[in-house]
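# Coordinate inspection notes
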Amino acid sequence: ADDGYRLWLKYDLVADATQRAQFRAVAQYIAASGNDVVLKTAAAELQRGLQGLLGQAVPVVAAAPVGTQRGVVLTINPTANVFGSSTSRDAYHIAPQGRHLAVTGRSGAGVLYGVFALLRQLQTGQAIANLTLTSSPRIQYRLLNHWDNPNGTVERGYAGASIWKWNELPQRLDPRYTDYARANASIGLNGVAINNVNASARYLTPEYLEKVKALAGVFRPYGIRVYLSVFWAAPKVIGGLKTADPLDPQVQQWWAAKTEEIYRVIPDFGGFLVKANSEGEPGPQDYGRNHAEGANMLAAALGAHDGIVMWRAFVYKAGSDDRFKQAYEEFKPLDGKFAPKVLVQVKNGPIDFQAREPFHPLFGAMPRTPLVLEVQLTQEYLGMATHLVYLAPLFKECLNADTQTQGPGSTVARVVDGSLDQHRLSGIAGVANIGADRNWTGHPLGQANWYAFGRLAWDHTLSSAAIATEWTKMTLTREPRAVASIVDLMDRSRDIYVRYTTPLGLHHIMGQNIHYGPEPWLAQAGRPDWTAVYYHKADSAGLGFNRTATGSNALALYSAGVQQEWGDPQTCPLNYLLWFHHVGWRQPLPTGRSLWHELVTRYYTGADSVTWMQQRWASVQPAVDAALHADVAARLEIQRREALWWRDACVLYFQTYSKQPIPAPFAPPT
Ligand code: GCW
């Protein structure tokens, strides 16, 4: 039975004998010379992959032997003229070279990425003999963010405890750390922030730095650097200072000395990730300073070291009429004030990882600051580890959104990859969905979200279906009809989830404490920093949050073109309608139905679609590992029941305002 541990890195014998023979002919040995540690990893991984896939020994040699044997030659060549226009160190080029197949990288990491691309070809059953492939990442810093705590819990983690075993480090290195690094490198990720942004100061103590060093040592051969989330008040908590004011010379000295200490222990340390003055975390505002003053102080502490600061823009507090606007209000005025090593990290949407959000208005609004896109792989608001929701369509929707800030084509993707404003630095971060569960992600298909994030971080132009196809073939089955069914199921799953939970632009109506299940009736939030009357704003007249000029006017944060389209309920896409408009219950929508009728239709058809998902999944049973199939089928049954829970809770609750019957054909029999 497949326990899911190997993820998509399955190197099982190629079943088709003809294909196997073809592969064998071109891969009789691997040639790799030199001492680059990442190149060595690449050779070892290729050997492991080929031996598994081809079922024969494939030696690693220093140089291609004379004769007629064909092999794969791995080379680092920073100055080769084969990488296209990209200047990335991670670029690779694969091409036939004489009787060999050459994998050339601008660095060891480039070779490693090329090797994984080659293995992917084999795993998905494509020919390699005449393979020619040039690739380089569009985004430079491609990170997972772990919200893992020192006590082994994971904030918003649904796949068990943290994979980091702090009590065993640095002496014992769980073999899982290596498999984790392999998985990340295979999809092109090159950094990990290993601890929660609600950070403990403990990670900065000498005791913990030794542990972090041990992890960095495991990741280094895979081209992955370690980053730390820092607790702003660390100078007070572990440094014995009276203040954490970024303009205080003692505080500055403390961070500079701490940073030096970190680089002595971890010479390739990646840098800092900071959540400050958000949800109760301390920050520079506690001392009357702004985010730029805080971030720049850390950038100064990094000095000449090759590290960066990722400063999060996820900020809001009590007292605002609309949380939607707060990050923009605090950060937009600081554009141009950040030091060159600082990137501002912005969630895809303005509220908080909802099932569907309009793109964050900061994208396009801070042209002088590199912005990191932060997405969430862990499904905090998307059914955790029981609902099947493939997230690439959500990521793509944000990346493809046109901010129009510099005319048409100013997409979020171009803001983030730096091409719109010619930034030197660019970054993307995914909040990990990984835990100590044997299969890493709880839901077996949650693995696809980790995979898709990495692939899009490398190349945001890939389609979500293409990524799902790759992943399915590598992970579940290569039977063509089953692949097509699974990909179709995956690609529709996010829209289905939106329909039975938050259709038409509803948002933040989930259970307040655990963020699971419906709770639209929560009129008074238990948290002062959550808008007191809940976000759907239902009343006898209608439904939805008026964010136009007659309401909170959050719409004004977008460029004129976006405002024009979204500001008119007639032209606003239905998917965003209730994000921006309070719409009358009887108001006709472009679908020909009234708001009420459309709302009910979406909840019912959305919930029905889960039955369709179950049928689809049942149809692929013969092509998929039995244990894995049963696991997903059982989770789909939970999903079906909970879709009904969402549907009934929301429809019946909103009906107390609309005071209209449930229309045919959805009305329950009387
Ligand atoms: O989504 C919210 C979560 C918090 C999280 C916060 C953040 C790490 O509910 O658990 O804290 O966002 O992104 O900072």
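Residues numbered from 1 in each chain as written. Predicted model: local features only at pLDDT ≥ 70, side-chain atom pairs only at ≥ 80, totals over all residues.

### Thoughts on the UniProt feature "domain: Alpha glucuronidase N-terminal" (unreviewed entry) in the chain
For clarity, the cut-off: UniProt positions are given in the numbering used here, feature names are shortened, and annotations may be inferred rather than shown by experiment. Per the convention used, a helix needs a DSSP run of H or I reaching at least four residues, while a strand needs a run of E reaching at least two, with both numbered from the N terminus.
UniProt tags residues 7–118 as "domain: Alpha glucuronidase N-terminal" (unreviewed entry). Within the segment residues 7–118, helix and strand shares are 35% and 20% respectively, and the terminal C-alpha atoms sit 17 Å apart.

### Details of helix α14 (residues 480–501)
Rules: What a helix is expected to span follows from its residue count: subtract one and scale by 1.5 Å. Bend, in this description, refers to the angle at a residue between axes fitted to the seven residues ending there and the seven starting there.
Between its first and last C-alpha atoms α14 spans 32 Å; for 22 residues at 1.5 Å apiece the expected length is 32 Å, and the two agree. Of all the bends in α14, the greatest, near 40°, is centred on Ser493.

### Examining the packing of helix α10 (residues 392–400) against helix α13 (residues 464–475)
Here is the rule we go by: Here an angle of 0 to 180 degrees is reported between the N-to-C directions of two axes, which are lines fitted to C-alpha atoms, with helices fitted over the stretch in contact. Working rule for angles: under 35 degrees goes down as roughly parallel, over 145 as roughly antiparallel, 65 to 115 as roughly perpendicular, anything else as oblique. If you view the pair so one helix is near and one far, a crossing is left-handed when the near helix is turned anticlockwise from the far one by less than a right angle, and right-handed when it is turned clockwise. Contact between residues is assigned whenever the C-beta positions, reconstructed from backbone atoms, fall within 7 Å. Side-chain classes follow a simple rule in which Ala, Val, Leu, Ile, Met, Phe, Trp, Tyr, Cys and Pro form the nonpolar group, Asp, Glu, Lys and Arg form the charged group, and the remainder, Gly included, forms the polar group.
It is the contact of α10 with α13, at a shortest axis distance of 9 Å, that shows an interaxial angle of 150°. With respect to α13, the axis of α10 lies roughly antiparallel. Where α10 crosses over α13, the handedness of that crossing is right-handed. Taken together, the residues of α13 that come into contact with α10 (itself represented by Ala392, Pro393 and Lys396) are Ser464, Ile467 and Ala468. Residue composition of the contact of α10 with α13, grouped by class: four nonpolar, one polar and one charged.

### A look at the sheet that holds strand β8 (residues 191–193)
Where we set the bar: Think of it this way: DSSP has to see at least two bridges between two strands before they count as a pair.
A barrel is described by the order of its strands in space; here eight strands give the closed sequence β7-β8-β9-β10-β11-β12-β13-β14, paired in parallel fashion. Neighbouring strand axes in the sheet, compared pairwise and without regard to direction, differ in orientation by 25° on average. By the bridge criterion, four bridges tie strand β13 (residues 371–376) to strand β14 (residues 427–431) in an arrangement that is parallel. Of the residues in β14, the one forming a bridge with Gln376 is Val431. The strands touched by helix α8 (residues 291–302) are β10 (271–274), β11 (308–312) and β12 (342–347); relative to β11, the strand with the most contacts, the crossing angle is about 160°.

### A look at the confidence of the model for the chain
Short version of the rule: For every residue, the predictor states its confidence as a pLDDT score lying anywhere from 0 to 100.
Across the chain, the average pLDDT comes to 96, with 98% of residues at or above 70. Scoring the predicted complex yields pTM 0.98 and, for the interface, ipTM 0.99.

### Remarks on the sheet that holds strand β6 (residues 133–135)
Across the sheet, six strands lie side by side as β2-β1-β3-β5-β4-β6; this open sheet has mixed pairing. In this open sheet, the two strands that pair with only one neighbour each are β2 (60–61) and β6. Bridge analysis of strand β4 (residues 92–97) against strand β5 (residues 100–105) gives six bridges, and the strand direction is antiparallel. Across the sheet, the residue bridging to Tyr92 is Gly105, located in β5. Here helix α3 (residues 108–123) sits on the sheet in contact with β3 (72–76), β4, β5 and β6, set at roughly 135° to β5.

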